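Fold and geometry: a report
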Amino acid sequence: MINLDSILPLLKEKIELHTTLVKTNDHLKHVSEQLKTLYQTRDKLVNKLQKEENDVKQLEGKGVKTLFYQVLGSKEKQLEKERQEYLAASLEYNNCQDSIELLEFERDILKEKVEGISVVAENIATLKQKREKEILQSNTEPAIKAALSRNLIRTDDLLKERQEYIEALHVGKASLQEVTLIYNHLQKAQNWGQWSNQRGSSRMKYNAIDRASKHLPRAQMHLNNFKRELLDVGINDNRLILTLNEFSGFNLMFFDNIITDWILQQKLMKSIYAVKQTLAVIDSLLIHIDGKLRDLDQGYREFIMEKDEILMHGDE
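This one's a predicted model, so the numbers in the text were calculated from it and none came from an experiment.

1. Some words on the overall build of the protein chain
Helix and strand counts for the protein chain come out as eight helices and zero strands. Along the chain direction, N to C, the helices and strands of the protein chain fall in the order α-α-α-α-α-α-α-α. Look at the contacts in the protein chain between residues 6 or more apart in sequence, and 81% of them connect residues 24 or more apart.

Structure below.
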């Protein structure tokens, strides 16, 4: 018979160690940020110290500045002032350097302490797997076993659902990109259509429409794929059913307004409006999918926390 508590003490020990290492790593990050700020301060102080040193050297030499203060009769007074400023800058620099050296020493010690944090995390993951297997194979704690089984089934279902939404998000973004390209080309065609009297405007307009047309088959393919992915995640409320119908009619609408009657600026504007509406629908769907993925991620985290509690059960 398997003893449910055989792995638990070691698992708890590793979790406690990992918790300590995480706190140590957080402190290491804080120290590193402090050092980053001090390094920047030191660079500024080096420049300041160099400037004060140059001021002293100029007064001690025979330059124009020295002659100026000799005429005024205040050279020694000004030299003393410059020396005091140089001394203050030097002390400030030394204090900064001392702080850096202390923090660098602390940082190096902290780095050594957290060096094995990834190994401890791997050990915990392995022990949890063993603990999970241990519970599922045991008949001594049926309530724990049943709770763990339910958790694993729900987690597995959630991960499958999440994968479906990820696939829908990926195809939806591809659809958005392709339809956006069509929209941009149609807008350019509309702009050239407004300059119908300008030389070459008609040719530029036709070229823009042609580029939009070339993107149409690929865009329609992505939209059809998006429709299938949406159905896989059960998006079938009234608004979204209408949206899917819009997707189905996208190809026909585009050809009717652009290829057949593209000379007419009014038809071009209607097509731009139709494509813009499709973009709005895709945006709305992507926002919905992204929100659902956030909910699923939160649910997954909660299931993991629940499983961890089950795995830790059995301590006397």
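2. Let's talk about the nonpolar core
Among the nonpolar cores identified, the biggest contains 32 residues, and Val179, Ile182, Leu186, Phe226 and Ile289 are the most heavily contacted of them. Elements that contribute at least two residues to this core include exactly helix H5 (142-193), helix H6 (201-232) and helix H8 (265-312). Leu28, Val31, Leu35 and Leu38 belong to the second largest nonpolar core, which has ten residues in total.

3. Describing the side chain of Thr24
Here Thr24 lies in helix H1 (residues 8-60). One polar contact links the side chain of Thr24 to the main-chain carbonyl oxygen of Thr20, over a distance of 2.9 Å. Residue contacts for Thr24: discarding those within four places in its chain leaves Leu110, Lys113 and Val114.

4. A closer look at the pattern of salt bridges
In total, this model carries eleven salt bridges according to the counting rule given. Linking Glu306 and Arg154 is a salt bridge whose minimum nitrogen-to-oxygen distance equals 3.7 Å. Of this pair, Glu306 sits in helix H8 while Arg154 is found in helix H5, placing the two residues 152 residues apart along the sequence. What makes Glu306 partly exposed here is its relative accessible area of 27%. The partner of Glu161 in a salt bridge is Lys292, with the nearest N and O atoms 3.9 Å apart. Here the residue Glu161 occupies a position in helix H5, and Lys292 occupies one in helix H8, the gap between them amounting to 131 residues. On the basis of relative accessible area, Glu161 is assigned to the partly exposed category, the value being 32%.

5. Some words on the environment of Glu309
Within the secondary structure, Glu309 sits in helix H8. The class of Glu309 is exposed, set by a relative accessible area of 58%.

6. Details of the confidence of the model for the protein chain
Confidence along the protein chain averages 80 in pLDDT terms, with 76% of residues attaining 70 or more. Per-element averaging of pLDDT across the protein chain places helix H2 (residues 64-72) at the bottom with 49 and helix H4 (residues 117-137) at the top with 89.

7. Quick notes on the environment of Ser32
By the element assignment, Ser32 lies in helix H1. Residue Ser32 is classed as partly exposed on the basis of its relative accessible area, which comes to 31%.

Calculation criteria
- Residues numbered from 1 in each chain as written.
- Predicted model: local features only at pLDDT ≥ 70, side-chain atom pairs only at ≥ 80, totals over all residues.
- Heavy atoms only, no water.
- Helix = DSSP H or I, 4+ residues; strand = E, 2+ residues; numbered from the N terminus.
- Contact = heavy atoms within 4.5 Å.
- Core = buried A, V, L, I, M, F, W, Y, C linked by side-chain atoms within 4.5 Å.
- Buried < 20%, exposed > 50% of the residue type's maximum accessible area, 1.4 Å probe, protein only.
- Polar contact = N/O pair within 3.5 Å; in protein donor to acceptor, adjacent residues only side chain to side chain.
- Salt bridge = Lys/Arg side-chain N within 4 Å of Asp/Glu carboxyl O.
- pLDDT = per-residue confidence, 0-100.

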